[in-house]
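Single-letter residue listing:
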Amino acid sequence: MMSPRPVQTSDRWLALGEASRFLGVDITTLRRWADAGQVRTFRTPGGHRRFAAADLSDFVRRRHSASARLADVIGPDGTALLSAAQSRRIRTQRWYRAVGASQVTSIGYSCRALMAALAAFLARSSPPSRRQGESAARALGAQVAALGLSAADATEAFLYFRRAIAGAVSGRLPLTPDRKLQSVRRIDAFFNRMQLVMMEAYSRGMGKRTPA
């Protein structure tokens, strides 16, 4: 979510358009949040929505606080995500054994860049963080294709880390069940896009491989 911007108003009550500008989101998003009870709203006798500026400021603080805690759970580059036991289990996976020592460094760099983009996205939901994630996902797709992994193995590896992230959020984040569900949905939306970008790059990379 974009940072809030001041709205010039002589009253503490904001109409839908003013409130959406205050929060830095479009009207449809704010209407959806209000309908879900995430943002308190009032109706005028004519049926128009009104928002208290104090309620909107409190909503911004709560969302930023939750995003910061979520980024802390993941860590700035993903290092806080996997436990020692999970790291050991990764080495037993079929797709992991296809990664030689020479590829570990480059693939690890791409994975850390992707996790850093996720942490930034959760904190700010900004286009730059999504572009950063897409760049890392394209690099990862090309690297996986260079290893000659099948599409099934490439997808399985991606889903392994995706499940680990969702599990970390569900198990470690000090939020209510509803807020945890919202966080997992945001992660899903991020990774839906990253998986598509990665597999597109993977397909291009496989197309460039010389047949044996």
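Above this text is the structure in question.
About the cut-offs
Residues numbered from 1 in each chain as written. Predicted model: local features only at pLDDT ≥ 70, side-chain atom pairs only at ≥ 80, totals over all residues. Heavy atoms only, no water. Buried < 20%, exposed > 50% of the residue type's maximum accessible area, 1.4 Å probe, protein only. Helix = DSSP H or I, 4+ residues; strand = E, 2+ residues; numbered from the N terminus. Arc of directions from axis to C-beta. Phe/Tyr/Trp six-rings, centres within 6.5 Å; stacked < 30°, edge-to-face > 60°. Contact = heavy atoms within 4.5 Å. Polar contact = N/O pair within 3.5 Å; in protein donor to acceptor, adjacent residues only side chain to side chain. Expected span 1.5 Å × (residues − 1). Core = buried A, V, L, I, M, F, W, Y, C linked by side-chain atoms within 4.5 Å.

Undergrad: Where do I start with helix α1 (residues 16–23) in this structure?
TA: Side chains that are three or four residues apart share a direction in an α-helix, a result of its 3.6 residues per turn. All of the buried residues along α1 are Leu16, Ala19, Ser20, Phe22 and Leu23. Mapping the buried residues of α1 onto a view down its axis gives an arc of 155 degrees, with all of them on the same face. At the exit of α1 stands Gly24, carrying a positive phi of roughly 75 degrees.

Undergrad: So what exactly am I meant to see when it comes to the packing of aromatic side chains here?
TA: Describing an aromatic ring pair means giving the distance of the ring centres and the angle of the ring planes. As enumerated under the stated definition, the model contains four aromatic pairs in all. Ring centres of Phe158 and Phe191 lie 5.6 Å apart, and the angle between their planes is 80 degrees; on these two criteria the pair is classed as edge-to-face. In this pair, Phe158 sits in helix α8 (residues 151–172) while Phe191 sits in helix α9 (residues 177–208), placing the two residues 33 residues apart along the sequence. In terms of burial, Phe158 and Phe191 fall into one category: buried. Ring plane angle 85 degrees and centroid distance 5.4 Å describe the contact between Phe190 and Phe191, whose orientation is recorded as edge-to-face. Residue classification places Phe190 among the buried residues on the basis of a relative accessible area of 2%. On the basis of relative accessibility, which here comes to 2%, the residue Phe191 falls in the buried class. One aromatic cluster is present, formed by Phe158, Phe190 and Phe191 through successive ring pairs.

Undergrad: Got a minute to help me understand the environment of Asp55 in this structure?
TA: Within the secondary structure, Asp55 sits in helix α3 (residues 53–74). By relative accessible area, which is 17% here, Asp55 ends up buried. Spatially, the C-alpha atom of Asp55 lies 8.8 Å from that of Thr41, the residues being 14 residues apart in sequence. Setting aside its immediate chain neighbours within four residues, Asp55 contacts Arg40 and Phe42. For Asp55, the side chain forms a polar contact with the side chain of Arg40, separated by 3.0 Å.

Undergrad: Help me understand helix α7 (residues 127–147) in this model?
TA: Helix length check: α7, at 21 residues, gives a terminal C-alpha distance of 30 Å against a target of 30 Å (1.5 Å per residue), a fit within 8%. Within the span of α7, buried status applies to Ser129, Gly133, Glu134, Ala136, Ala137, Leu140, Gly141, Gln143, Val144 and Ala145. Within two residues after α7, Gly148 carries a phi angle of roughly 80 degrees, on the positive side.

Undergrad: Whenever I open this one, the nonpolar core confuses me. Can you help?
TA: In a soluble, globular protein the nonpolar side chains are often hidden away together inside. The biggest cluster of nonpolar side chains holds 28 residues, and the ones touching the most others in it are Leu114, Leu118, Phe190, Phe191 and Met194. At the level of elements, α6 (101–124), α7, α8 and α9 are the ones that each hand at least two residues to this core. Contacts of Phe191, omitting those with residues within four sequence positions, involve Leu114, Leu118, Phe158, Arg162 and Ile165. Grouped together as the second largest cluster of nonpolar side chains are 14 residues, Leu16, Ala34, Leu56 and Phe59 included.

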